[in-house]
Every structure is written in C-alpha cells, then in structure tokens.
Amino acid sequence: MSVQVLGDRAGSHDRPPEAWRLKPVFDARAVILAGLAVVLLAFSAQRLDLGQMFSDVGSFILASAGLKERSDIGDGLSGLSAGMFPIVIDERTPVEFVDDLDARLAAPFARLETVATEEIALDTNTLEMSGNMGERTYLVEPAGYLLFVLLKMLETFEIAAWATLFAVAVSLPLSVLCARNYAPHVSIYGAGRTFVSFLRSVPELISALFLVLAFGFGPIPGIVALAIHSTGFLAKFFAEDIEAADPRPQEAIAVTGASRFAVLRLAVLPSVLASFTGLSLYILDRNVRMATVIGLVGAGGIGQELKGRFDMFQYDRVGTLLLVIFLTVLLLDALSARIRRRLI
Amino acid sequence: MAGGWIGKGATVDKKSDSLAQVALDAGKAGKLLSCRELVKAYGEGPPALAGVSFQMDAPGFTVLLGSSGSGKTTLLRAIAGLVPLESGEIQVAGRTMTRTNLSSVRRQLGMVHQEFALVERLTSVQNVLSGAATQVSWPRIVCQAYPEELRRRACQLLADVGLTEAQANRKARELSGGQRQRVGIARALIRKPKLFLADEPVANLDPETAAGLLTLLREAVTSRGIGVLCSLHQTDLALRYADRIIGLKAGRIVFDGAPDAFTPSVASTLFARDGAPHALTVAAA
C-alpha cells in the first residue's frame, strides 16, 4: 500500500508545474446534489402553495407603495394595529370587584373615578326598552396594568432562571458520562448520548402541554419543561467541551496517579469553565424567550396572560404584553452577549 | 540560579534505604526503572519502539538522545502509562506496571512535558498543588482547598525554582515559557517522586533559558536523590548535563553509556538520516 502512495508521489513530482492537475472547486457530485435540492424544493413549494405567499407579499408591497388599492396582508395588519394601539398602561377596576380597596387606594397615584352610565334594560311594566341613568365608580391605577405585566415578566424570567439552574446542575455530571474520554464504559457513553438526544428531541411546547396536565396550570410545568429540554442541550455541549479540552494538562495530572475525578476537577474544569458559563448564559437567554412561548399552553408567566388576552380580543393589552416581551428579550440579549464576550 | 535546597540532605539517605528495600523486593529487576522489550507501533508504519530494554539502577541524570521521531516521547509516555504497549514490561521502583495498578505505580513518578502542560487558567501555585491531588481528600479537591502544609511546600518549591510571590499568584497563561517550565518542574516535585521523567523539557525554550533550566533540573533532582530520565535532541546539552546517555534511533537503543564514550562518530550515526526508502515510508504512513 505504501508502495502505491510512493508511486503517486513520484508521478506528481515528474509533471512540470504548468501541467499540474488541480482539484476542481465544484465536482460532479456537488452539481448533482445541488440539482437534486432544487427539484425537491420545487416539489415542496408546489405542495405548500408558496406561490400564494409570493403574490400576497407582492400585492402588500404594491399597496404600501400606493400602486394598488388594497392587499390581504395590509387589511389584516391594519385591523390588528388599530386594536393594539394605544396600548394599555393603566388598570381600571369597578370598586365592587376590589377586595382591599383602602390598601390599593393608598398606593401612589391611585384614585377613584366616577363615571355616569346608562344601562339599557327591558322595562317589565311597559315592555319597552328604556335607559336607566346610573353611575359607576372605578379604581384607577395609572400604571396598574404595566406593573402587572412587568410582574408577569419577572415570573417568566424566574421560570427561565430556575430551569437553567436545574439544567446546569443535571448536565454537569451527565456531561461527564457523555464525554468519550471520561465515560466509565462505552455502553454508558452510548446510553448517555442517546438519553441526552432524547431530552433534546422533545420540543418544550409539546412537553409543557403534557406537563400542565401532570402539574396543573402555573410556573412549575414551565420550569420542568424548559429544564428537560435545556439539559439535553447543555449536557451535549458540555460533553463536547470536555472532549475538546487540551489533553496535555490532563495527562500531566493523571501521571501523578491522580484519580479521574481529580483530573476532571483540576485540569478539565478550569479549562472549560469559561465556555460552560457562556453556554449556560446562552441557554438562560434562550429559556427566557421560550418561557414566554410555553405560557401559551398554560405553563405560567407572561405567555399565559398573553394567550388569555388574545382569546378575549383585548388587543390593546396584547400590545402592552408584546412590547414588554420585546424590550426584555432585546435587553437580555445585549446583556448576555456582553457578559459572554468578557468571559471568552 | 535556584536557591539552596534547604533541609533536603537528610531525606536522601532515607530514599536510598527505601530504594535498597525495593531492590530486594524486585529481585534481579532494576532498582529504579526497568524496561524489557518494549514494542509500540502506531498504525501500519514502522514501530515507534522496536524492542527497547534498559535499566536505571541508581539516581542520576540519564538523557534519552535522538532525533525527532526516534521514539523518545513514546518511550517516556509508555513509562508514564500514557501509551498502551504492544508488548514488553515496565517496572518502576521494582513494581511491574499493569492496567490495574497504574495509579499506584504512577505515584513514584514525576513528569514534565515539552508543551509545559499547565492548566492555563489556574495560577502557578494552583498548578503546582494540582500535582499533589493524590494526597488530598476529594472535598478538598472540589474546593481546591489544599492543606496548609502542602501550600507551604508548593511555595517553597516555587521559590526553589526561582519564581517570585507575584509570579506564584499569576495565571499560567501569563507566564513566559521558561517560567512555565519551572512551574512544571515544581508540580512534578511536589509529591516527592522517585523517578523524574522529562519529555524534551527545553525544546520550546531559547538556548540560555534551556541551559539554566537543565542546571536547575539537575540540581533539583540530584539533591533529592531522584533518578531523571530526560529526552533531548541537542547533543551538546546531553554531553554537558548527562551522567549517562541512551541513544535512540528508529525505536531502538543504539548507544548506552557515559558521556565520555559518546564520540562524534556515535553522534553522526545516531543523527544520520537513513536512506530514502525509510524517510519516504514514514511520509507515506
């Protein structure tokens, strides 16, 4: 076999440089694969009626530019934005529904407002519709709804933080079993990897759907669902970091007769800690975004509120919720990116 | 160069006593290190070790001399139990190394590496202390809370190899190559090994730093009564520091003797390239 290699090398030495044969940038296989991909995409586009999408978007662009009278997308969006703005900041509650009125009135800027109302009712004597003049008193809290939404956002963040914490705690030992160079046995390595990819393969939204049945509505199913999924990610990434860690310091400590545990703690962990922290922060960031979504199936947090308001057609409140989610995610993204840059 | 090796004189006698005891246990085997017919091959190429046998009976500075690819690193890594062998037997301090007693045999060894092999994000002193993991309980390892006595010892060793307090608290990645290798030596010494393996400890250093480091290493081990097996590729350094030179070529010992016997003709045989077929086969492998 080595003779074959020798022959090949000798041959290439013989050719003058102007006659060297270079590898083509795209070979026949790449061209065939690209053609195959185009055929598949065309087939799928036809199945999904993608043409409709292009025509809708096109007419929306034309309508926005004033070249077309109306478009379906434009109608939908304008209906929604008309409902959403202005967004709701304050909270008005009829006093008869407020239990602890004095305590809530003591809050800054809280006040009572009386509004004249006219209720139209059927007069049982005359059998005619008549208006009854009356008045209704409302408790007005100027930033009431915004505060409530921020509190829900905090709950969402707490769900994400606990889920991340649990995921990190489970992933640390699990990743050792899933790292090829530290698994006690190859079968444990295989089982660990399979288990971890199973955890990863269940989308949070689906597992939350079932966990809500198990735990009931509220933040707990959300925490569990997110923790399961993020464990699947973290254990995999941690394990890959452990496998990729510089082997030389590990050998240097192993040569002293130290146990695998000591090598892991003294050589592997210090080398991968920065990367672990960066990954955990990314997962936290991602979990906050996912925690808003899984609230839709009743797993607590701001998503649950969002779904409720959406179903009641209270789009102005939905607007407030979306704005808060958007700003939080933006802020967190910038923050975690900054921390991760400093770590690595 | 290094400060005095304070209070180490007394331990030397004790060491040789225990070495004599070990020799009795081992029968006809070498006292410190005995390698018999070591064979190791990587893939289909020529073997990295093609039947290497030698003994180290007493403490001293033994240099493994040879060009790149002669099998020096493989031999040292095999003695450290880092490379599984095709065949052969290694005895360290009279005990045969097997898969099961690897950890306890390794406790007799200290090793420094060509690439220093320090944990970059730990400080010098933490790196030195990590060499003593076998003497510390696991909760202490988790917290990196080493006993006071070990910490004192680590500081003393770092001072002995010529590092300052500030450098002791600096992270390994902030040190120069020479300083890193000094930390490596201190790490290998902290557990009081009987046999010290050094794999090209000065390959990545400039000539002056290299000479200073080898002087330091020689002083450090001879004053403690430790045997050193140090691989080098520089003949001049080998002649200057070695008590004994083992010449390795293509996985075989081609010279074994005192530096006086290492004549220029021996050197030229040791470092001569073989004919083209050999070199080309290596490339093909």
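Just so it is clear, the model here is predicted, and its values are computed rather than measured.

Analysis parameters
- Residues numbered from 1 in each chain as written.
- Chains lettered and ligands numbered in written order.
- Predicted model: local features only at pLDDT ≥ 70, side-chain atom pairs only at ≥ 80, totals over all residues.
- Helix = DSSP H or I, 4+ residues; strand = E, 2+ residues; numbered from the N terminus.
- Rg over C-alpha atoms; globule rule 2.2 N^0.38 Å.
- Buried ≥ 20, exposed ≤ 12 C-beta atoms within 10 Å, placed from the backbone.
- Contact = placed C-beta atoms within 7 Å.
- Arc of directions from axis to C-beta.
- Nonpolar A, V, L, I, M, F, W, Y, C, P; charged D, E, K, R; others polar.
- Domains from an automatic or database assignment.
- Pairing = 2+ DSSP bridges.
- Axes fitted to C-alpha atoms, helices over the stretch in contact; angles between N-to-C directions.
- Parallel < 35°, antiparallel > 145°, perpendicular 65-115°, else oblique.
- Left-handed = near helix turned anticlockwise from the far one by under 90°.
- Expected span 1.5 Å × (residues − 1).

Looking at the overall build of chain A
A count of helical and extended segments in chain A gives 13 helices and three strands. On C-alpha atoms alone, chain A measures out to a radius of gyration of 31 Å, which is more than a quarter above the 20 Å that the 2.2 N^0.38 rule sets for 344 residues. Structurally, chain A occupies a C-alpha span of about 115 × 65 × 35 Å along its principal axes. Counting the 344 residues in chain A, one finds 28% classified as buried. Of the contacts formed within chain A by residues at least 6 apart in sequence, a portion of 68% connects residues at least 24 apart.

Considering the environment of Gly 319 of chain A
All names here are of chain A. Relative to the elements of secondary structure, Gly 319 occurs in helix H13 (residues 315-343). Considering only alpha carbons, one finds Gly 319 and Ile 188, 131 residues apart in sequence, at a separation of 50 Å. Apart from residues no more than four positions distant in its own chain, Gly 319 is found in contact with Met 84, Phe 85 and Ile 87.

Points about helix H8 (residues 204-215) of chain A
All names here are of chain A. Restricting attention to buried positions, one finds in H8 the residues Glu 204, Ser 207, Ala 208, Leu 211 and Val 212. Projected down its long axis, H8 carries its buried residues within an arc of 145°, all on one side. In the core, the buried residues of H8 are packed alongside helix H9 (219-244) and helix H11 (260-294).

Structural notes on the interface of chain B and chain A
Opposite the 28 residues of chain B that make contact, chain A presents 19 residues. For the side of chain B that touches chain A, the secondary structure elements donating two or more residues are helix H3 (102-106), strand S6 (109-112), helix H5 (138-143) and helix H12 (276-284) of chain B. For the side of chain B that touches chain A, the residue count by class is 15 nonpolar, seven polar and six charged.

What about the domain arrangement of chain B?
Residue and element names in this part refer to chain B. For chain B, the assigned domains read domain 1 (9-108 + 193-284) and domain 2 (119-192). For the side of domain 1 that touches domain 2, the element with the most residues is helix H9 (residues 207-224), which contributes five residues. Of the residues assigned to the side of domain 1 that touches domain 2, the class counts are eight nonpolar, two polar and one charged.

Focus on the domain arrangement of chain A
By the assigned domains, chain A splits into domain 1 (25-84), domain 2 (91-142) and domain 3 (145-343). Taking the mean C-alpha position of each, domain 1 of chain A and domain 3 of chain A sit 34 Å from one another.

Brief notes about the sheet that holds strand S5 (residues 95-96) of chain B
The pairing of strands in a sheet happens through backbone hydrogen bonds and is either parallel or antiparallel. Residue and element names in this part refer to chain B. On the basis of which strands lie adjacent, the open sheet formed by four strands has the order S2-S1-S4-S5 and antiparallel pairing. A strand with exactly one partner marks an edge of an open sheet, and here the two such strands are strand S2 (49-56) and S5. Where helix H2 (residues 72-79) meets the sheet, its contacts fall on strand S1 (33-40), S2 and strand S4 (87-92), and the angle it forms with S1 comes to roughly 120°.

Brief notes about the sheet that holds S6 of chain B
All names here are of chain B. The six strands are arranged S6-S7-S8-S3-S9-S10 in an open sheet whose pairing can be described as mixed. Across the chains shown, the open sheet's two edge strands, defined by having one partner strand only, are S6 and strand S10 (252-257). Across the sheet, the axes of successive neighbouring strands diverge by a mean angle of 20°, strand direction being ignored. Across four bridges, strand S3 (residues 61-65) lies against strand S9 (residues 244-249) in parallel orientation. Across the sheet, residue Leu 64 finds its bridge partner in S9, namely Ile 246.

Some points on unusual backbone geometry
In this model, Phe 85 of chain A is joined to Pro 86 of chain A through a cis peptide bond whose omega is 0°. Secondary-structure assignment places Pro 86 of chain A in the loop between helix H4 (72-84) and strand S1 (91-94). Residue Phe 313 of chain A is not a glycine yet carries a positive backbone phi of 60°. With respect to the helices and strands, the residue Phe 313 of chain A is situated in the loop between helix H12 (301-311) and H13. Unusually for a residue other than glycine, Glu 37 of chain B sits at a positive phi of about 50°. Locating Glu 37 of chain B in the fold gives a position in strand S1. Residue classification places Glu 37 of chain B among the partly exposed residues on the basis of 13 C-beta atoms within 10 Å.

A word on the packing of H9 of chain A against H11 of chain A
Residues and elements named next belong to chain A. Running from N to C, H9 and H11 cross one another at 150°; their axes reach a closest spacing of 10 Å. As far as their axial angle goes, H11 and H9 are roughly antiparallel. Like other packed secondary-structure pairs, H9 and H11 cross with a definite hand, here right-handed. Contacts from Gly 222, Ala 225, Leu 226, Ser 230, Phe 233, Leu 234, Phe 237, Phe 238, Asp 241 and Ile 242 of H9 reach H11 at Val 268, Val 272, Ser 275, Phe 276, Leu 279, Ser 280, Ile 283, Asn 287, Met 290, Ala 291 and Ile 294. In terms of residue class, the contact of H9 with H11 is made up of 15 nonpolar, five polar and one charged.

Some remarks on the packing of H8 of chain A against H9 of chain A
Residue and element names in this part refer to chain A. Following both chains from N to C, one finds H8 and H9 inclined at 140°, their axes separated by 8 Å at the closest point. Here H8 lies oblique to H9, going by the angle between them. The two elements H8 and H9 cross, and the hand of that crossing is right-handed. Of the residues in H9, those in contact with Glu 204, Ser 207, Ala 208, Leu 211, Val 212, Ala 214 and Phe 215 of H8 are Ile 220, Pro 221, Gly 222, Val 224, Ala 225, Leu 226, Ile 228 and His 229. Within the contact of H8 with H9, the residues separate by chemical class into 11 nonpolar, three polar and one charged.

Description of helix H2 (residues 28-48) of chain A
Residues and elements named next belong to chain A. The end-to-end C-alpha distance of H2 is 30 Å, a good match for the 30 Å that 21 residues give at a rise of 1.5 Å each. Of all the 21 residues making up H2, zero are buried; the element is thus mostly uncovered. Positive backbone phi, approximately 60°, marks Asp 49, located one or two places after H2.

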